[in-house]
Each structure stands twice: as structure tokens, then as C-alpha cells.
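# Chain and residue survey
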Amino acid sequence: MRRALYTLIALFIAATIYLLNTVGERQAVLRHVAHHNDAWAVSQTVQELLRLESAMSHYLLADAPKSRANIRLRLDIVLSRLISLQEGSLKAFLNEIPTRQQTLASLTEAATDLDATLETMADQQLLAEIERLSMLVGPLTNLSSQSVQHSWAVAEESLESLERLHKIFGVVVAFLILCWCGLLLLLLRHNRLLNIAQEQGKILNDSLNAAGNELRDKNRSLEYAAHHDSLTALPNRTLFWNELEMALSAPLAGDTTVSLLLLDLDEFKTINDTMGHDFGDMLLHQVSERMRRFSVKPHMFCRLGGDEFACLLLGKTGEESAAYARDLAVDIAAPYQLSDRRAQIGCSIGIATTEAPHETTAQMLFKRADIALYRAKAADQDRVCLFECFMQREYDDRKVLEDDLRTALAQQSIQVEYQIQVDVQSRELRGLEALARWNHPTRGQIPPAVFIPLAEEIGLIRDLGQLILLEACTEAAKWHQPLKIAVNLSSMQLQSPAFLGVVQDVLRATGLDPKRLELEITESVLLDNREDVFQALTDLRLLGVTIAMDDFGTGYSSLAVLRDIPFDTIKLDKTFVRDIAWDHEAQALVKLVTDLAGLLRKEVILEGIETEDQHDIIRHLRCDVAQGFLFGRPTTAAQLDHLRRSREPEPATNHCGA
């Protein structure tokens, strides 16, 4: 469209220029016709020549006194006419044919001679000149006739040129009219397209406005989703963190106490695992509803993730915040109705305020609240804890202990000690249990109950377990007697997909017979990924390794566990035998487990045998294997040289004393 318009305008300009040029040519032709009549000029020359002859004749015939002035006048006129014949188109006309040039030359010569001698010329000579001029009249008349014919030809040619120019002018004018019509049509089409484009632009503008409104709605939805938890509709960690930083940086923050409460739902994991994730989500939703309906509204509740929540209070002291937290914990701990099932949980709350010790950074306040929450979860009774300065020191000390544990693992400073397991009836050596020991360079002996859970929390238990397994199997492979070696296994190790490969690599590297290795697990491994745990235990048994259920009866034991879980040995915890010497109920429980294990063809190991009375009772109860200080305390590998000798080992009471 635009290109066509530009082309039409260019043609219009070219046609206009051409039209102007045609008009100029027409004017030039008209001027040529008007100002250049060659026939008239020649005829006038003939007439003037005849007048000159007449004047010369009158002069010779006159009787009165004679004057040649009239002859001079007529001669000057002839000379001027001769000069005019040498100009313009007449010159070209006369030069076309030699006879014309000769006639003109003869006339010019005669007139020139007469002009030169007129005053001194005698009458007789003048008569000779008349005759000379008379001889030129005929050729000049013929020349005039030719000039007339030539003029008519030139006039006819000019007329034809004018007609041609008029035709061209008409064509150009018609073309200009067509160009104007085309331009008008293009303008009309352009206006129509502009109207269409305007309508489409309006539609597009409406669409853009609608899209903009939709985009704003989506942005608001995205912003809400980015700052709120999808399950509970509470603010999430991002929005809560912004609010906490704003509260701490507000102009009146120095005069207003900011309290941060971190909440953790107790037993939520158990409900999630036993009832399913749908019930767990339902429980979280009901907890958030109770928070929103709580009688005293805080500045903000939020869900940090999982079963962790947070609460922000403004203008409350530490004691008031603790009282608020206890009321909130009571409200959350009330029973829940999850569809057709009833559930009850607890709540641990850690509190940190800007009151004392003074703190204005969000990071440190959150860290202190997290330390307080850790202590609240470890408490037996009051599950609400307000941060105090000494807790920070304990936390820092724990971090130092974590770093020391990492260093000890890297330097392989964790030692392995061995405690013997004997036949209850004969006291013959049946096997040994490998126990991890950590002799800290400055703190001394760190109990396993301290550094084992610590290793699980910081993700070092797999490395620690692999180190103990490798060292224990290496030592057992050196014994000439095929005694069993028992190694404790963490639930985190068992849940690792690579653990089976680790056991195979250790057995391959040490050359130990898989039947001599016994891995001890606790009942807690059944809480997470039950099917995966069963599969892992089955794979280990297929490898030839035996499985022992450690600390049986202290956790979640049930007859279903004895039936379903693939294990070979039951290890009764020492709490069962502590009072066995005088408590008949304890004896009955041990007897019950022993008989049940016999029916299931599983071996029973009793831990914590420390007195002869206890030994006598379990021997009377026909128990299988026992372990305890009565038979031997844990000892280092250096004290097991007798197991590396080729001779038969001595009775356990002689070589593995306390």
C-alpha cells in the first residue's frame, strides 16, 4: 500500500514535469512561426531591388537638376535587406542550394560595387549598373518563390508539431487525471485501512487491558503463593523473615520488644508414618486453624516447613512470651479429629526476645530461638524454653564437639573395643560385639550415647559405621576360631541404598566369612520406610549375614515384628535382667521371650549380666547366650592376641576378665 502510493506520487511528479516541458516546446514553436517568415523577407528584398532600379531610372530620365540621394536611400535599404538574409533560418535556407548562394552573392557584389562608386559614377556607368541589377531580378524572383514554398513547408511542419504536442498534452493531462483518481482511491483505501486498524487497535487495546488485568491478578496470586504456604494458607518463611527484619529495623524497635517463637509438633512424624501423609496434611491444616483462632492474636503466625511453625510477638516481655507460648502449646496439644480417627500431639516451643540479652539482628534472634527449641524438645516436662545466655555457650560447645568428631573421623581416632558373648550353660566363647569408643584429647572418654546421636544428626553416621564395620571385620578375620563378630547398625545406614554394597566391599576386602558377621539393629529402624528396611534386611541375610534385634522390648516391639521382620537373634535389654535375681515377674518375662524365640528358631542374647545370681537364674531359664561385665568388660584389639593364636582359646572366665 505505501509502496504503491509512493510510486503513484513519483509518476505524478514526472508527468507534471513532462507537461511543463511540453508547454515550453509549444511556446517555442509558436514563437518560431510568429517571428521567422522567410518568404516575406525574400519578397521584400526583391521589391526593394526593383525600387532601387526605379530610382536609378528616374534619375537618368529626369530633366531637372539631378540628385542621387533617393538612389542612396534605396541602396542602403537593399544592403540592409541583404544583411538580414545572412541571419537566422534564411541563411540555412540559402545555403541549402549553390544557385541560391550564387544569386545572393551576385546581388551582394552588385550592391556593394554600386555603394562604393555611386557618388562618382557617370550616368553611362549608372545605366550599366541598372542593366546589371535587372539581370538579377529574375533569379531573385525565383528565389522568392522557393522561399514561399519553403515557408509553407515550415508552417506545415510547425502545425504538425503543435498537433503532436497537443496530443501529448492531452495524454499527460489524462494521465494526471488518472493519477489523481488513483491517488484519491489510494487515500480512500488508506482511510478505510486506517479505520480498520483503529478498530483492531481498539480491540487489541481492550485485549491488552484484559490481559493486563489478568496478569495483575496472576501476579497477585503468584505473590500470595510465593509468600504463603499452600497447605495451611499461613505466611511462609520468606514473608515471615521479611516481617521479622522489618519489626527489628522499625524506628520504634528500640522501645518495642520483639519475641520470636519457634514451634515444633511432637509425635507428628509418628502420625504421618502410621496414618499416612493425607492424615498428616489434615493435621497440619487443623493446627493452622487453631493458630488463626487463638484467643490472643500475635503479629504473625507462619509455617516454616514440615511440622515447624513460627510466631512473632511485639511488645511482650520474655515472661509474657513464655506464658503466651504455654497457652498456645496447650491449645495445640488438644486432641484432633482426623476424619474418623482421633489423634493427639504435643508442641515444643523455643523463645528468643530482643529484651535480654539485647539482640537486633534477625539471624541471631532466629538462632537463639532455635537453640531454645532444641532444649525444649530435649526436656521431659516443660516443653517451652526461653533462651538464656548459657544456652548459647552450650550450643557453641556442641558445635566445637561436632568439629572435633569430624576431625576424629578424618584422622580415624575413633577406636573399636570388643565385649565377649558367652554360652550361658558352659561359658564358652560364642562371639564378640564391636563397640565404638572416642577418647577425646581434652575431654577424655566421650560416651557412645553422646557422640553416636551427634554423628546421626550431622550426617557422619554412615562414615562412622563404615569405619567400625571395616575395623571389626578386619580384626575378626585374623581370629583362627570362627567366632561371630557383632556390629551395631544405625537406621540411617540401613536406609542407605549403597549399604549392601558397602557390606559386600568390606567382606571382600577383609576376607571374612559373611556367616560370621552379625549386624545389630534397633526397633527404631522400622519407623521409616518399613518396606525398604525389610528388603534391605532380606538382602543382607541372602548374603549370609545374620541380623540381631538389639534392645528388644524397649521400643515398639510387637508379636507382628517377631513374625514379619527378617532377623535371626533377639537381644534382650539389660533392663529385663537388672531385677531378675529377685523379681519373679522379670524372670517370667525372660522365660516368655526365650520360649517364644525357641519356637521361632531364633537365638536369644541377654545383655547386662553383672552378677553370679543373675547368671544362675538365666542358666536355670535355659537361655542361650549372655553378655555383661560378669564375663568381661570391653577391651581393645591389642588384648585379643590369644584369639589370633592357633591353640584353642581358654575358658572365657580366665582370659576375658574385668
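Right above here is the structure, for reference.
Each value, and the rule that gives it
- Residues numbered from 1 in each chain as written.
- Predicted model: local features only at pLDDT ≥ 70, side-chain atom pairs only at ≥ 80, totals over all residues.
- Heavy atoms only, no water.
- Disulfide = S-S within 2.5 Å.
- Buried < 20%, exposed > 50% of the residue type's maximum accessible area, 1.4 Å probe, protein only.
- Pairing = 2+ DSSP bridges.
- Helix = DSSP H or I, 4+ residues; strand = E, 2+ residues; numbered from the N terminus.
- Axes fitted to C-alpha atoms, helices over the stretch in contact; angles between N-to-C directions.
- Salt bridge = Lys/Arg side-chain N within 4 Å of Asp/Glu carboxyl O.
- Contact = heavy atoms within 4.5 Å.
- Expected span 1.5 Å × (residues − 1).
- Arc of directions from axis to C-beta.

Let us now look at the state of the cysteines. A covalent bond between the sulfur atoms of two cysteines is what we call a disulfide. Applying the stated criterion to the full structure yields zero disulfides. Looking at Cys311, it has no disulfide partner, and the nearest cysteine sulfur is the one in Cys302, 9.1 Å off. Judged by relative accessible area, Cys311 falls into the buried class, the value being 0%.

Take the sheet that holds strand β7 (residues 384-386) next. Spatially, the five strands line up as an open sheet ordered β2-β3-β1-β6-β7, and their pairing is mixed. Looking along the sheet, the strands with just one partner apiece sit at the ends: β2 (300-305) and β7. On average, each strand axis in the sheet is tilted by 20 degrees relative to the strand beside it, whichever way the strands run. Two strands pair when backbone bridges link them, and strand β1 (residues 258-266) and strand β6 (residues 346-353) are joined in this way by eight bridges, in the antiparallel orientation. From the neighbouring strand, Leu265 faces β6, where its bridge partner is Cys347.

Two side chains bearing opposite charge may form a pair once their charged atoms approach each other closely. The final tally for this structure, using the stated rule, is 35 salt bridges. The partner of Arg72 in a salt bridge is Asp76, with the nearest N and O atoms 3.8 Å apart. One end of the pair, Arg72, and the other, Asp76, are both in helix α3 (residues 69-85), four residues apart, so they sit about a helical turn from each other. We classify Asp76 as partly exposed; its relative accessible area is 36%.

Our focus in this paragraph is the side chain of Thr569. Secondary-structure assignment places Thr569 in strand β14 (residues 569-572). The class for Thr569 is buried, based on a relative accessible area of 3%. Aside from chain neighbours lying at most four places away, what touches Thr569 is Glu518, Ile547, Ala548, Met549, Glu603 and Ile605.

With that settled, consider helix α5 (residues 98-117). Taking 1.5 Å per residue as the helical rise, α5 with its 20 residues ought to reach 28 Å, and the 29 Å between its terminal C-alpha atoms agrees with that figure. All of the buried residues along α5 are Arg100, Thr103, Leu104, Leu107, Ala110, Ala111 and Leu114. One side of α5 holds all its buried residues, which, seen down the axis, span an arc of 130 degrees. Turned more than 90 degrees off the buried face of α5, the exposed positions are Pro98, Gln102 and Ala116.

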